[in-house]
Each structure stands twice: as structure tokens, then as C-alpha cells.
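Now for the letters of each chain:
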Amino acid sequence: MEKISVAVRFRPPKPSVDADADSPSFSGGGAVGNREWRIDDSGISLLHRAVPVPGTSFVFDHVFNESVTNARIYGLLVRSLIRGAVDGFNGTAFAYGQTSSGKTFTMNGSGADPGIIPLAVRDIFDTAAEAADREFLIRVSYMEIYNEEINDLLTLGSEKLPIHESLERGVYVSGLREEIVNNAEQVLQLLELGEANRHFGETNMNVRSSRSHTIFRMVIESSAKHQTNSEDAIRVSILNLVDLAGSERIAKTGADGVRLKEGKHINKSLMILGNVINKLSENGKQRYFYGALP
Ligand SMILES: Nc1ncnc2c1ncn2[C@@H]1O[C@H](COP(=O)(O)OP(=O)(O)OP(=O)(O)O)[C@@H](O)[C@H]1O
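Residues numbered from 1 in each chain as written. Predicted model: local features only at pLDDT ≥ 70, side-chain atom pairs only at ≥ 80, totals over all residues. Heavy atoms only, no water.

**Brief notes about the overall build of the protein chain**
Link 1 in the chain: Along its length, the protein chain carries 7 helices and 16 strands.
Link 2 in the chain: Here the protein chain holds 294 residues, and the buried ones make up 38% of them. (Helix = DSSP H or I, 4+ residues; strand = E, 2+ residues; numbered from the N terminus. Buried < 20%, exposed > 50% of the residue type's maximum accessible area, 1.4 Å probe, protein only.)

Laid out in C-alpha cells, this is it:
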């Protein structure tokens, strides 16, 4: 697998979006107006009256159409990351996109179609159980970045936590609860607790819109059961599963008051994240950052 994979998921259209003349449909979904997205396994392009619009073709590692399940996305994109994390390699999966595009649906899923996070949690414990020659210590934490402040989702009232950096720990959030876990059910219960503490709010685009970025983190430590001199007798890896809040056009969300303030923070932090990723992708060049996260 490549070091970084980028995939696009088309969500099924919502009735309100169908009626919106500004929103192109996609091939297979029936043409609305004159524009539609044509999608195949690895690319998308915009057509106007069946003619490609110049500069609107984009290539990705995967493109998923509206019928894809979370399990398939997990199998193609995330499973190898999880297996790597159990073997001692750091990994991150995050959902990025405009509000109501289906990020939380993809990361958390529904009862009928569990999302990336619950699938990953089960897979980690199953994979660790298969590694008969190693012992595991797994810790989880769950935080949100809300209006540029960090809150612990596992401890009610633990808010505005500071970020520190040290030689031993690197960059870390001071005071964040880290829970040692022994099985998937225990983690799923903690996630449920975190979900209840997370900031959601209603906008015109999404009745349950995430108003914060969330980071679910698992630290996976393992050691060889039998004495060994090999260098990887102890392995430590960090897995981050991130559900970003969605970019939003205020005119469409109809946000005002608290929602407006949240929307501005969301858009600003996503812009800075985009800048950071752009700079990181400029291999070998000197990197400047014009903002700070969060
Ligand atoms: N692939 C999908 N299949 C079925 N329903 C979906 C799909 N994607 C999203 N939805 C539904 O659309 C609504 C909005 O999705 P969701 O909340 O996941 O969007 P989001 O990108 O997380 O939005 P925000 O950035 O505002 O938090 C939800 O009711 C969700 O269940």
C-alpha cells in the first residue's frame, strides 16, 4: 500500500439536494439540470451536456459510488493501516469534506453498516489475538477540537486542555484521559460516552452537524512474550482516527450566533490543515507554516 491513499466517496443524494439546480448529479444517479459528475474506479470529471468541462477531472486512489458500504471502504483503505498499527507502525485515517457529505456516517456508521472506527476497533483486538508470540497493552483517548480549544470527550468538564511538547513524548495534550482497554466492547462503550459529550448542532445543511473535529486515538504497545534480543522486542504505535467537521458556506447553512462562530472556526482550521498538507507534500522543499493547529 502507498504511504498515503486518498479516496472520494459519493453519498446518495438527499431529496433537498436533488431539487438544488446548483448541485450536479453523477452518472448513474440520473441527470439533474445540464451537469453531472462522471465517476469511475479512480477518477471523477464534470460533464456539461455530456461534454467534459476543462480542468474538472481529478484522479484518486479510489472513488466509491453511492452504493458502497463502510465495510468495503474499510477493507480497501483502512484494514492494512490497522494491521500495520498492530505491527508497530503509526497510522492515521481521516474524513474530510463539506458539511453533510457523510464523514461521520463513514467514520461511525450506523447499526446496519458500522463505520471505520468500530470496524477498526474490532480488527485491532482480533489481529492482536492472532499474534500469539506477543503481549499487548492498548490505551485509548478521545478528544475534540471545538472553537480551537481541546476538550476531553471521555471526561465531562475536562476542557481547554493545553498542548505541550517534550523530548520523551513529542507533541501531546496535557491532562487527556488515557484508558487502558482489554477488549473491543470496552472501547465501544468509551466511544459511546465520547459521542454523548461531543458538540453537534443543527444547520440548514445537516440536522446533526459536527461542530468540532474529533480525534480518536489508540496507542498500541506490544512486547515479545519470550526473551529476545531483537530490536523490536517492544513496539509502540499510534493510530489516529479523525472525523473532521465539514467546511460550510454560511449562505447555505444559514448559520448565525453560536453556529456562525463555530462555522468560522471550522473553515479557518480546515484551511490551515490544507496549507499544512500542501507544505508537507512539497517534498524536499523548505516548509513554512502560515498558521497553527488548532
Ligand atoms: N453514504 C450514506 N448513506 C446513507 N446515508 C448517508 C450517507 N452519508 C451520509 N448519510 C446521511 O446524511 C446525513 C449527513 O451525514 P453526516 O452527518 O455523516 O455528514 P458530515 O459530513 O459528518 O456532516 P458535518 O460536517 O456537518 O458533521 C446523515 O443523516 C447521514 O446518516
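**Let's talk about the pairing of strand β8 (residues 134-146)**
Link 1 in the chain: Here β8 runs beside strand β15 (residues 213-224); their pairing, made up of 12 bridges, is antiparallel. Pairing of L137 across the sheet is with E221, part of β15.
Link 2 in the chain: Pairing between β8 and strand β12 (residues 179-181): 3 bridges, direction antiparallel. The residue bridging R139 from the neighbouring strand is I180, located in β12.
Link 3 in the chain: Bridge count for β8 against strand β9 (residues 149-152) is 4 bridges, and the pairing is antiparallel. Note on β9: the bridge partner recorded for M143 is D152.
Link 4 in the chain: A loop of 2 residues connects β8 with β9, the two strands running antiparallel in sequence, and N147 in this loop sits at a positive phi of about 45°. (Pairing = 2+ DSSP bridges.)

**Structural notes on the site of the ligand**
Link 1 in the chain: R11, T99, K103, S209 and S210 are the nearest of the 17 residues found near the ligand.
Link 2 in the chain: Within the complex, 78% of the 630 Å² of free accessible area of the ligand lies under protein.
Link 3 in the chain: More than half of the atoms of the ligand fall within 2 Å of the grid points belonging to the second largest pocket.
Link 4 in the chain: If you tally residues by element for the shell around the ligand, the top one is helix α3 (residues 103-108), at 3 residues.
Link 5 in the chain: The residue makeup of the shell around the ligand, split by class, is 3 nonpolar, 10 polar and 4 charged.
Link 6 in the chain: Shared between two domains, the shell around the ligand takes at least three residues from each, and those domains are domain 1 (1-67) and domain 2 (69-271). (Near = heavy atom within 4 Å. Areas by Shrake-Rupley, 256 points an atom, 1.4 Å probe, with all protein chains shown as cover. 1 Å grid on protein atoms, 1.4 Å probe; cavity = no way out; pocket = protein on both sides within 12 Å on 5 of 7 lines; lining within 4 Å. Sits in = over half its atoms within 2 Å of the grid points. Nonpolar A, V, L, I, M, F, W, Y, C, P; charged D, E, K, R; others polar. Domains from an automatic or database assignment.)

**Quick word on the packing of helix α4 (residues 116-130) against helix α5 (residues 184-197)**
Link 1 in the chain: Interaxial distance between α4 and α5 falls to 9 Å at its minimum, and their mutual angle equals 155°. Of the possible angle classes, the one that applies to α4 and α5 is roughly antiparallel. Every pair of crossing elements has a handedness; the one defined by α4 and α5 is right-handed. Together, I117, P118, V121, R122 and F125 of α4 and A184, E185, V187, L188 and L191 of α5 make up the contact between the two elements.
Link 2 in the chain: Among the residues making up the contact of α4 with α5, the classes are represented as 8 nonpolar, no polar and 2 charged. (Axes fitted to C-alpha atoms, helices over the stretch in contact; angles between N-to-C directions. Parallel < 35°, antiparallel > 145°, perpendicular 65-115°, else oblique. Left-handed = near helix turned anticlockwise from the far one by under 90°. Contact = heavy atoms within 4.5 Å.)

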